[in-house]
Amino acid sequence: MKNKRLAAAMAAVHMYIRTEEEAAVVAMQSQAADAAAKSLTSAPVGQMNLWGLSGRQAIMNANAMIRQRMFK
């Protein structure tokens, strides 16, 4: 009888510790996910420079034509 009580108490303590550890892991994962979401959403969004973009595209097109030997 005494051994059964001791085994039950030990099992209960073990289960309590295990659930606390699992809860801590879940909390850490949710904190990491929240931090990652905040870092993605809080990043400043710059305005797109269309003139610069079209200029770079034109330079790349010209270089591609030169590589393809279209100009001779």
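Attention here is on the structure that accompanies the text. (Residues numbered from 1 in each chain as written. Predicted model: local features only at pLDDT ≥ 70, side-chain atom pairs only at ≥ 80, totals over all residues. Heavy atoms only, no water.)

## Side note on the overall build of the chain
So, point 1. Helix and strand content of the chain: two helices and zero strands.
So, point 2. Looking at the 72 residues of the chain, the share that counts as buried comes to 0%.
So, point 3. Counting every atom, the chain has about 7,100 Å² of accessible surface; 65% of that belongs to carbon and sulfur. (Helix = DSSP H or I, 4+ residues; strand = E, 2+ residues; numbered from the N terminus. Buried < 20%, exposed > 50% of the residue type's maximum accessible area, 1.4 Å probe, protein only. Areas by Shrake-Rupley, 256 points an atom, 1.4 Å probe, with all protein chains shown as cover.)

## Observations concerning a nonpolar patch on the surface
So, point 1. A surface patch of nonpolar side chains, amounting to about 310 Å² of accessible area, comprises Val13, Tyr16 and Ile17.
So, point 2. On the secondary structure map, Ile17 appears in helix α1 (residues 2-41).
So, point 3. The exposure class assigned to Ile17 is partly exposed, which follows from its relative accessible area of 43%. (Patch = residues over 30% accessible without salt bridge, like charges linked within 9 Å, V, L, I, M, F, W, Y side chains within 5 Å. Salt bridge = Lys/Arg side-chain N within 4 Å of Asp/Glu carboxyl O.)

The quantities given are spatial measurements derived from coordinates; they are silent on function.
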